[in-house]
Amino acid sequence: MENSGPAWSPVDLIREAFHYQSRFEGSTMVFKIDYSVIEDPGFPYLMKDLALLARTKFRVVIVPGAKERIDAVLREYGVVSRYSLSTRITTEAALPFVEMAAFHVATRVMTGLAAGSSGGGKAVDAVIGNFVRARGLGVENGLDMEHTGTVDRILTGSIGRVLDQGGIPILPCIGWSPAGKPYNVSSDEIALAASTALGAIKLFIVTLDPGLNTPAYKLPETIQTGENGRIIRLTPLEAEEVLEMNLWDGAGNKALDELRLALRASRAGIERVHIIDAREEGAVLRELFSNLGAGTMVYTDDYEAIRPLKNRDIPDILRLMEPLMQQDVLVRRSPEDIQEKKDDYAVFEIDGSVHACAALHDWGEGQGEIAAVATDPAYADMGLGRRIVRFLMDRAKKQGLRRVFVLTTRTQDWFELLGFRECSPDSLPERKRRGYDKARRSKAYALELE
Ligand SMILES: CC(C)(COP(=O)(O)OP(=O)(O)OC[C@H]1O[C@@H](n2cnc3c(N)ncnc32)[C@H](O)[C@@H]1OP(=O)(O)O)[C@@H](O)C(=O)NCCC(=O)NCCS
């Protein structure tokens, strides 16, 4: 594919990182870390990144999963587990082993943070605590669930005190009743309850799973996938659609379980839930400090929007267009030219920054010109160009235009993909023909709007 823009500069990256730093600083983020991640060679890097976040005024809460560790400890000590559907019954005999495994995992996280925050700067205090008030599940399907419990309440005051000191609270998968009786609680439930109780702006589900991708899973056509076929982002409605299209008969499917958890969190009011693969180095930082992200995001807020141009966007779109004007891919425009036709433009905004633009100029005779189409090279092939042009085609229809055309020197194939066909310059409106710059030798392409 032709991508005539320059490579993304490190300065752009720094700008974007500052943008996100100021936006999220002081916000609470919950990290549900799968046990497999703790066993992975990449775990120390993840801990280093989380310690770095805590040091830079992000409020980090960690909920480590311990399921596989509990399975292993019970096996090792010959304690047979019983289940009610897929929930383990934590018997009186199993409880000490479950506690041992849960705290072993929490300690591994604590050790990882201590190592991760060593060397330069103040060490980050990690605190394993009784942050979860639990109650027993009681009798389910005729079975006494014994020490298997659920979250009664997250003790936000105690967690808040650790966070206020710049520390990282670690919530093991054990909770206590007001009378001090311990219960084994699912770490998914704890992560969900903690995210909502603490008003987290993000929940990260950190796994080693490659996640939902094509062709392994059926995905609705509207859903955007990245280079590796992985879903980049989806709304809760789309997440529901994916879950419905991929009903799973066998035992637990991790990717679908993670999506189910993300959907529940997003329904519970968490604006952004990120499912990330810990093997991608720096995945958390990429997700936080660039809107290119990493992994799959389920979002409910105004993450992206196509909207009319505002005065303050003019420097941004000139920055997008400048290299293309230099290469004569786009006709040169000054800030004044853009200002004069401001209402013709639309911009594609992602997380508060402009990453694509285009304009629709009405030339009379029922014809409109699509012009100044430019996508930030760092955001190429993500559908921004297509969506902004379609937005302008809708606008053209609403304005009662019957035809849109484009004059292009190098992008004819792309417009053909959108349904445009080559046409004679003689079919263009009179006013446009008069101003037609023969020296540019651009070709005319048009699309009838009916
Ligand atoms: C052309 C342009 C707007 C496409 O933006 P984009 O946001 O990357 O486009 P989309 O994501 O909607 O579409 C990407 C698809 O178009 C294809 N494509 C991109 N540029 C293309 C081109 N010049 N010719 C043919 N196909 C092209 C990609 O390979 C990709 O195909 P796929 O969906 O099969 O993977 C962008 O490359 C750009 O800014 N180009 C320079 C400016 C320009 O030419 N403007 C048009 C003149 S007004």
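Predicted model, so just to flag it, every value in this text is computed and none were measured. (Residues numbered from 1 in each chain as written. Predicted model: local features only at pLDDT ≥ 70, side-chain atom pairs only at ≥ 80, totals over all residues. Heavy atoms only, no water.)

Trainee: Outline the overall build of the protein chain, listing residues and values.
Mentor: The secondary structure content of the protein chain amounts to 15 helices and 23 strands. Expressed as lengths along the three principal axes of its C-alpha atoms, the size of the protein chain is roughly 90 × 50 × 35 Å. Out of the 450 residues belonging to the protein chain, those deemed buried represent 53%. Put simply, of all contacts in the protein chain between residues at least 6 apart along the chain, 72% involve residues at least 24 apart. Surface summary for the protein chain: the accessible area is close to 21,000 Å², and the carbon and sulfur share equals 51%. One way to put it: in the protein chain the 56 positive side-chain charges average out to a point 2 Å from where the 64 negative ones average out. (Helix = DSSP H or I, 4+ residues; strand = E, 2+ residues; numbered from the N terminus. Buried < 20%, exposed > 50% of the residue type's maximum accessible area, 1.4 Å probe, protein only. Contact = heavy atoms within 4.5 Å. Areas by Shrake-Rupley, 256 points an atom, 1.4 Å probe, with all protein chains shown as cover. Lys, Arg positive; Asp, Glu negative; His and termini not counted. Charge placed at Lys NZ, Arg CZ, Asp CG, Glu CD.)

Trainee: Report on the packing of aromatic side chains, specifying residues and quantitative values.
Mentor: Per the counting criterion, the structure on display carries eight aromatic pairs. Ring geometry for phenylalanine 103 versus tryptophan 176: centroids 6.5 Å apart, planes at 50°, classification tilted. On the criterion of sequence distance, the pair formed by phenylalanine 103 in helix H5 (residues 95-116) and tryptophan 176 in strand S11 (residues 174-176) is long-range, its members being 73 residues apart. Judged by centre distance (5.3 Å) and plane angle (75°), the ring pair of phenylalanine 415 and phenylalanine 420 falls under edge-to-face. Phenylalanine 420 sits in the buried class, given a relative accessible area of 0%. Taken together, Trp414, Phe415 and Phe420 form an aromatic cluster joined through their ring pairs. (Phe/Tyr/Trp six-rings, centres within 6.5 Å; stacked < 30°, edge-to-face > 60°.)

Trainee: Give a detailed account of the site of the ligand, specifying residues and quantitative values.
Mentor: Taken together, 20 residues sit near the ligand, with Val373, Asp381, Gly383, Gly385 and Thr411 positioned nearest. The separation between an oxygen atom of the ligand and a polar side-chain atom of tryptophan 414 is 3.2 Å. Compared with its free state, where it exposes 910 Å², the ligand has 82% of that area covered by protein. Elements supplying a minimum of two residues to the shell around the ligand: strand S20 (367-375), helix H13 (384-398) and helix H14 (412-417). For the shell around the ligand, the per-class residue count stands at 11 nonpolar, five polar and four charged. (Near = heavy atom within 4 Å. Polar contact = N/O pair within 3.5 Å; in protein donor to acceptor, adjacent residues only side chain to side chain. Nonpolar A, V, L, I, M, F, W, Y, C, P; charged D, E, K, R; others polar.)

Trainee: Provide a residue-level description of the pattern of salt bridges, including the pertinent values.
Mentor: Summed over all chains, the structure comprises 26 salt bridges. Across the pair aspartate 313 and arginine 312 runs a salt bridge whose closest N-O atoms are separated by 3.7 Å. Residue class for aspartate 313 comes out buried when judged on its relative accessible area of 1%. Glutamate 430 is the salt-bridge partner of arginine 433, the closest N and O atoms lying 2.9 Å from each other. Linking arginine 433 with glutamate 430, this pair stays in helix H15 (residues 430-435), spanning three residues, or about one helical turn. (Salt bridge = Lys/Arg side-chain N within 4 Å of Asp/Glu carboxyl O.)

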